[in-house]
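Listed here are the chains, written in short residue letters.
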Amino acid sequence: MKSLLRFWIIGLVGLASYSCQPKEESKSDRPNIIFIMSDDHAYQAISAYDNTLIETPNIDRIAKMGMLFTQASVTNSICAPSRATILTGKHSHLNGKIDNHFPFDTTNVTFPQLMQQAGYQTAMFGKLHFGNNPKGFDQFKILPGQGSYYNPDFITKNEGNIRVEGYVTDIVTDMTLDWLDKERKKDQPFLLMYLHKSPHRPWLMAERHMEEFTQKTFPEPATLFDDYSTRPAAAEAEMNILTHMGWSGDNKLRPDVLKQLGIADVGGYDTSRFNGQMNRFTPSQAENFKKYYDPISEEFIRNYPNISQEDLMRWKYQRYMQDYLGTIKAVDENVGRLLDYLEANNLMENTIIVYTSDQGFYLGEHGWYDKRFVYDESFKTPLLVAWPGKVKANTKSDALVQNLDFAQTFLEAAGIPAPADMQGESLLPVLTGNTEKWTRDAVYYHYYEYPAEHMVNRHYAIVTQDYKLVHYYFTQDYWELIDRVKDPQELKNVYEDPAYAEVRADLHRRLDELRIKYKDSNEISNGYIDRLLDDALEGKVWGISKERAEEIKSKRSIN
Ligand code: SGN
Ligand code: CA
C-alpha cells in the first residue's frame, strides 16, 4: 500500500513538473555561459572603468547590459595560476599551480568537467598556458604556451597542430564564431571560453591599427617616477619601463639602430626575440610593420643624443602605451563581433557573458609594466557581467569578488552542485541584487613566482575595502601596511606608524583567520618554497641565470 502511494505521489509530481516544464525547455532554461578573458588587460584600459587612455565601446556594451565590478581581484596575479584558480575554484596552494613554470596538475576537478558531465556542450579557444591540454572540453583550439601574435600555431582537439595565417585576436574570434555557427548543438546549453592572447607582451598590434596607434600620445600616470621608498620589494622588482623594458623587442627599435647608438638591449624581450618575431611575419606583414615602425627608429636616432633620462622614460612609456593599447583595439572590435553574432542569433537572452582578464597590469603606475604585486593595478582585474533579465543593466558593484568565485558562480547558475572543497562563493547574490546574502569583507592573496623574470618577491596579504596588510618573505622579510583610502596610489608603507597600531593588530588577526579558512600555512608554502629556485639553479627558469640563482639561494630564508 505504502509503495503504491509513493508511486502515485511520484507520478503526480512528475506529471506536474512535466506540464509546467516540457523537457526541452528545462534544458534550455539553463543559461549558456560565455567566458571572455584577455591576457594582462588592465582595467585602466577599458573605458567603462576609465576613458583616459582608450575607448572600448564593445567591451563597455557588456557593462551597459549588466554589472561592472570595481573591486574584482585575483588570488595570485600571474597568468596560469589565475587560470587554474578560475577552473578549480581553489587557491593556488591547494590546486598546486602556484606559478607559470610547472605544469597544471590535471587530476584537479575543474568546473568545465562538471558542466560537461551535466550536459553542457563545452569549447575553449585561445590562450590557456597550462603546459597541457584542458580536460572537460568537447572542442578546443589553444595556443601553445604564450602563443604568437602573427600567424599563430594552435594545438587542437581534432586536427592536431595547425598554423593559421593572420592576426591572433581575429583568428581566435573566427574560431569562436565558427564553433557557435557550425558546431553548437541547439538542444544543449553551452560553456564557451574565449581567451585572448592580447594585450600580453610583446604588444604587437594588428596591421590595421598601426597607423593610428603609432601616432598617439597618452597622459602619464602620476606615479611614473615612483622612487619605491618605504617598499623594498617594489625597489627590487625588475619591471621598470626605463630600466627593464626591452629597447627592441618591447619598444620596437630596430636592432641596427641600437648598435649604431651604442645602446645595450635589456630585458627578457630583447633583440633576438625581436628578430624571431620579424621572421614570423609574412613578407607583406613585415613590410607593413616597417612602414610604421621604421620612422620611429629614424626619429629616435635624431633625438637620442640630447635626451635626458626622464625624457627617455617618457618616450618609452609612450611607445609602450601605443603598442599595448593598439592590441586592445583589436580585442574590443572582436568582442563587438561576438556580441553582434549573439544578438543576431537570439542568443543574448539566456546567456551569461563575462569579460575579465587573468589579472590586471601596470600601465606606467610605479614606473612599471607587468603585474604580480598585490598593488591595485595588478591585484584588481576587470570584471563585467551581463545576463539580460537576471542582472540589472548599467549597475556597479564594489563587492570584494575574486577569480576564485567563477567556478561556483557558473555551477550555481547551471544548477550543478559545487564540490565541497571549492573555496569561492557564487556571485549570483551580488549579480541579482540580493546583496544581503553577500558578507565577504576581506580577501586573501598569495604570490609565489620568485626567483623569476621581474623579480617580484613572494608575498601573501589580506585586502579589505580600506587596507592591505602584506608579508614579503623568501629573500626579504618584512610587512607592508597600505591605507587604501588615504593613499590610493599605494606609495606609503605605514606598518610602523603608531597611528595604525590598532588597525595593524586587527588585520594580523584577520589575516591569520583567513589563512586558516583557506587552508594556507607556512608549512604549505615551505613545501613549495624551493621548487622554482632548484630549477633556477639548474638554469631552467627563464630570465634567471645559474649565477643569479646561487646568489638568491644565499639570501633566502624560510618565512
Ligand atoms: C613572459 C614575459 C613576462 C611576463 C611573463 C608572464 N616576458 O615571460 O614579461 O611577466 O610572460 O606573463 S617575455 O619576454 O617573454 O614577453 S603571463 O601573463 O603569462 O603570466
Ligand atoms: Ca596574464
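Residue indices follow the written sequence of each chain, beginning from 1 at its first position. Labels are handed out in written order, letters beginning with A for the chains and numbers beginning with 1 for the ligands. Totals for whole chains, interfaces and linings use all residues, but because this is a predicted model, local features are given only for residues with pLDDT of at least 70 and pairs of side-chain atoms are given and counted only at 80 or more. To obtain the side-chain values, all non-hydrogen atoms of the structure were included, while hydrogens and water were left out.

Engineer: Looking at this model, I keep getting lost on the site of ligand 1. Mind explaining?
Structural biologist: Taken together, the neighbourhood of ligand 1 is formed by 20 residues, with Arg 201, Asp 370, Arg 372, Glu 453 and His 454 sitting nearest. Whenever two N or O atoms come within 3.5 Å, that pair is a polar contact, provided that in protein one can donate a hydrogen and the other can accept it, and provided that, for residues adjacent in sequence, both atoms are side-chain atoms. At 3.0 Å, a side-chain N or O of His 200 approaches an oxygen atom of ligand 1. Compared with its free state, where it exposes 450 Å², ligand 1 has 94% of that area covered by protein. Under the grouping applied here, Gly and all other residues not named as nonpolar or charged are polar, the nonpolar ones being Ala, Val, Leu, Ile, Met, Phe, Trp, Tyr, Cys and Pro and the charged ones Asp, Glu, Lys and Arg. Of the residues that constitute the shell around ligand 1, the class distribution is four nonpolar, seven polar and nine charged. Split by domain, the residues of the shell around ligand 1 number at least three in each of domain 1 (207-319) and domain 2 (445-555). Near is defined per residue: the residue qualifies when any heavy atom it owns lies within 4 Å of the molecule or strand. Every accessible area reported is derived by Shrake-Rupley at a probe size of 1.4 Å, with residue values counting cover from the shown protein chains alone. For every domain, the bounds stem from an assignment made automatically or drawn from a database.

Engineer: Help me out: how do you make sense of the environment of Val 463 in this one?
Structural biologist: Strands here mean DSSP runs of E at least two residues long; helices mean DSSP runs of H or I at least four residues long; both are numbered from the N terminus. Turning to its location among the elements, Val 463 is positioned in strand 12 (residues 458-463). Overall, the relative accessible area of 0% leaves Val 463 in the buried class. Burial classes follow relative accessibility: with a 1.4 Å probe on protein chains only, a residue under 20% of its type's maximum area counts as buried, one over 50% as exposed, and anything between as partly exposed.

Engineer: In this structure, what is going on with the coordination of the calcium ion (ligand 2)? I would like to understand it.
Structural biologist: Put simply, the ideal angle at a metal is 109.5 degrees for four donors in tetrahedral geometry and 90 or 180 degrees for six donors in octahedral geometry. In this listing, donors mean N, O and S atoms no farther than 2.8 Å from the metal, or 3.2 Å for Na, K and Ca; water is missing from the atoms, so a site can look incomplete. Protein-derived ligands of the calcium ion (ligand 2) are Asp 39 (OD), Asp 40 (OD), Asp 358 (OD), Asp 358 (OD) and Gln 359 (OE1), with the metal-ligand distances lying across 2.2 to 2.8 Å. In this scheme the shape depends on donor count and angles: four donors with every angle between 85 and 135 degrees give tetrahedral, four or six donors with opposite pairs above 155 degrees and others between 65 and 115 give square planar or octahedral in turn, and any other case is irregular. One can describe the donor arrangement at the calcium ion (ligand 2) as irregular, given that its six donor atoms subtend angles of 50 to 174 degrees at the metal. Counting gaps between the donor residues of the calcium ion (ligand 2) yields the pattern D-D-x317-D-Q. For Asp 40, a relative accessible area of 0% translates into the label buried.

Engineer: Would you mind showing me how to read the pairing of strand 8 (residues 351-357) here?
Structural biologist: Within a regular strand, the side chains alternate between the two sheet faces. The element strand 8 is largely enclosed, with a buried count of seven among its seven residues. Neither face of strand 8 is exposed, since Thr 351, Ile 353, Tyr 355 and Ser 357 on one face and Ile 352, Val 354 and Thr 356 on the opposite face are all buried. Note: two strands are recorded as paired if DSSP finds a minimum of 2 bridges between them. With four bridges connecting them, strand 8 and strand 9 (residues 383-386) associate as antiparallel partners. From the neighbouring strand, Tyr 355 faces strand 9, where its bridge partner is Leu 384.

Engineer: What is the right way to look at the sheet that holds strand 12 in this model?
Structural biologist: Paired through backbone hydrogen bonds, the strands of a sheet run either parallel or antiparallel to each other. Strand order in the open sheet formed by four strands is 11-12-13-14, and the pairing between neighbours is antiparallel. Sheet topology places strand 11 (443-447) and strand 14 (478-483) at the edges, where each strand pairs with a single neighbour. Ignoring which end each strand starts from, the neighbouring axes of this sheet average 15 degrees apart. Sheet analysis places strand 11 next to strand 12, joined by five bridges and oriented antiparallel. The residue bridging His 446 from the neighbouring strand is Tyr 460, located in strand 12. By definition in these notes, contact holds between two residues if any of their heavy atoms fall within 4.5 Å. Fitting a line to C-alpha atoms yields each axis, with helices limited to the stretch in contact; the angle taken between N-to-C directions then spans 0 to 180 degrees. Along the sheet, helix 18 (residues 501-517) contacts strand 11, strand 12, strand 13 (467-473) and strand 14; its crossing angle with strand 12, the most-contacted strand, is approximately 105 degrees.

Engineer: Explanation requested: the UniProt feature "domain: N-sulphoglucosamine sulphohydrolase C-terminal" (unreviewed entry) in the chain in the structure shown.
Structural biologist: UniProt positions are given in the numbering used here, feature names are shortened, and annotations may be inferred rather than shown by experiment. In the UniProt entry, the feature "domain: N-sulphoglucosamine sulphohydrolase C-terminal" (unreviewed entry) is given for residues 364-516. Between the first and last C-alpha atoms of residues 364-516 the distance is 36 Å; the span itself is 21% helix and 20% strand.

Engineer: Looking at this structure, I do not really get the packing of helix 3 (residues 57-65) against helix 14 (residues 309-344). What am I missing?
Structural biologist: Direction vectors running N to C along helix 3 and helix 14 enclose 50 degrees, while the axes themselves pass 7 Å from each other. Comparing the axis directions of helix 3 and helix 14 gives the class oblique. Where helix 3 abuts helix 14, its residues Pro 57, Asn 58, Ile 59, Arg 61, Ile 62 and Met 65 lie against Val 331, Asp 332, Glu 333, Val 335, Gly 336, Leu 339, Asp 340 and Glu 343. The residue inventory of the contact of helix 3 with helix 14, partitioned by class, reads seven nonpolar, two polar and five charged. Each angle gets one of four labels, with under 35 degrees taken as roughly parallel, over 145 as roughly antiparallel, 65 to 115 as roughly perpendicular, and the rest as oblique.

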